[in-house]
Amino acid sequence: MQEKSKPVDNLRADAEKIITRAIAAVLPDAAVERALKGKTFLGRVYLVAAGKAAWQMAHAARACLQDNFCGGVVVTKYGHVKGEIADVACFEGGHPVPDENSLRGTDAALALTEDLTESDTVVFLLSGGGSALFEKPLLPLAELQDVTNQLLAAGADIVEINTIRKRLSAVKGGRFARHCAPAQVFAVVLSDILGDRPDSIASGPACADASTVAEAFAISEKYKLKLTEEMRKQLAMETPKTLANVTMEITGSVTQLCADAARAAEQLGYTPLVLTNMLDCEAWEAGRFLASIAKTIRKDGLPLRPPCAILCGGETVVHITGKGKGGRNQELALAAAERIAGMEGRPMPQAVLWTGKPAVSLRKRAYPFLRFLRRTIPMPHWRRQMPFSSQEQPAQT
């Protein structure tokens with residue numbers, strides 16, 4: 001929220017500055033450089049990077065890894081490779097559902113890290129999206145894609161999705177680290193998981209798994225998943241519970257992102273308040289919740305008086321009920337706009353900016369398109385019909 005003397009365009013610009021500065025503070029380049037600064041590795045050094053930020057992380061790491069470097073593999077999302085990296089093979093694959101190219105890149109990483117010795121080190125760089133991009137399924141790819149789509153359409157959260165996926169994979173749930181043994185694995189991880197639970201970030205390829213068979217079957221029952229006999233067999237197989245060859249550093253978390261956003265807002269003259277960094281609900285619910293806060297600030301000056309910035313971090317989901325493709329960020333922003341449209345009283349500009357894959361800024365008011373996001377209009381085609389601006393670009397985290 002912003003004071004009435006400021007025009008809406010300035011408010012939107014400030015909102016975009018806040019999120020841009022916050023994302024810049026947790027971009028992977030500096031995180032990788034900090035993690036590798038002063039590190040020396042004996043024996044041969046190999047590099048494997050997986051996730052939407054994999055190319056950036058590998059590019060930064062390659063500059064730090066000079067001695068005994070023997071090669072690397074990057075597996076990232078389509079359109080995220082920005083150029084060649086010396087002695088590193090780069091692959092692009094499907095996200096959020098793995099495809100044949102995801103498997104091809106993962107096979108290259110497994111081949112690179114075969115037959116290692118105790119003196120070797122695998123520098124493993126992991127970021128959001130790694131669950132889909134770093135994959136070697138224990139069942140046909142089409143079946144893995146099917147169960148992934150079932151979970152996404154049902155609105156399962158990322159921890160639930162990964163609890164299932166790690167049991168259907170030869171590299172998740174600590175299995176990649178076990179593959180690399182007896183070599184040491186030095187993992188640098190960008191967290192996109194609430195609470196930074198390491199075994200859930202990208203389904204924990206280099207982390208002992210804390211989830212259980214019972215939890216996996218409970219999730220299956222909760223969402224009424226249609227499972228084949230082979231899927232049930234794999235879900236019943238336990239994952240590694242201890243790993244002795246892994247050192248892990250977690251960086252770039254949602255907690256850090258919220259703190260950096262608050263600092264950026266304060267620098268622009270707003271009083272910031274981080275309500276939560278553990279938001280976990282349907283996107284439309286989050287949008288309505290933020291709108292209700294806007295109304296309370298407008299009416300009673302609570303919990304803060306304007307100019308202020310209310311910040312939330314977390315993981316929202318969209319429950320798809322028809323042929324739509326979802327779009328949680330658009331749905332959140334539209335749900336909020338629908339509730340703040342036509343607020344009574346003196347004009348007071350407001351903006352809702354939610355970032356993840358798309359970043360959306362609202363200029364006028366929400367039309368009744370929310371139902372179409374879940375049921376009919378494939379995203380992002382709704383933007384062609386809407387009278388407000390939207391911008392979409394990868395966050396590279």
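Before any of the text, the structure's been laid out above.
Residues numbered from 1 in each chain as written. Predicted model: local features only at pLDDT ≥ 70, side-chain atom pairs only at ≥ 80, totals over all residues. Heavy atoms only, no water.

### Here we look at unusual backbone geometry
Selection criterion: Numbering of helices and strands runs from the N terminus; a helix is a DSSP stretch of H or I covering at least four residues, while a strand is a stretch of E covering at least two. Partly exposed describes any residue whose relative accessible area lies between the buried limit of under 20% and the exposed limit of over 50%, with all areas from a 1.4 Å probe on protein chains only and scaled to the type maximum.
The linkage connecting leucine 302 with the following residue, proline 303, adopts the cis geometry, with an omega of 0°. In this structure, proline 303 sits in the loop between helix 12 (283-300) and strand 8 (308-317). With an omega of 0°, the peptide bond between proline 306 and proline 307 qualifies as cis. The topology assignment puts proline 307 in the loop between helix 12 and strand 8. Located in the positive-phi region is aspartate 115, a residue other than glycine, with phi close to 55°. Mapped onto the fold, aspartate 115 is located in the loop between helix 4 (100-112) and strand 4 (121-126). Residue class for aspartate 115 comes out exposed when judged on its relative accessible area of 72%. Phi angles above zero are rare outside glycine, and alanine 202 is one such case at about 55°. By secondary structure assignment, the location of alanine 202 is in the loop between strand 5 (184-190) and helix 9 (213-222). Overall, alanine 202 belongs to the buried group, its relative accessible area being 6%.

### Some words on the nonpolar core
Nonpolar side chains in soluble globular proteins tend to be buried together. Rules: For our purposes a nonpolar core is just a set of buried Ala, Val, Leu, Ile, Met, Phe, Trp, Tyr and Cys residues, chained together by side-chain atoms within 4.5 Å. Contacts are assigned to residue pairs with any non-hydrogen atoms lying within 4.5 Å of each other.
Formed by 27 residues in total, the largest nonpolar core has its most connected members in Val48, Val122, Phe124, Leu126, Phe134, Phe176 and Val185. Sorting the residues of this core by element identifies strand 1 (45-50), strand 2 (69-77), helix 4, strand 4, helix 8 (175-180) and strand 5 as the ones contributing at least two each. The contacts of valine 185, once residues within four sequence positions are left out, are Val122, Phe124, Ala177, Cys180, Ala206, Asn245, Val246 and Thr247. Grouped together as the second largest cluster of nonpolar side chains are 25 residues, Phe41, Ala60, Leu65 and Leu190 included.

Note that all results are geometric; they support no functional claim without further evidence.
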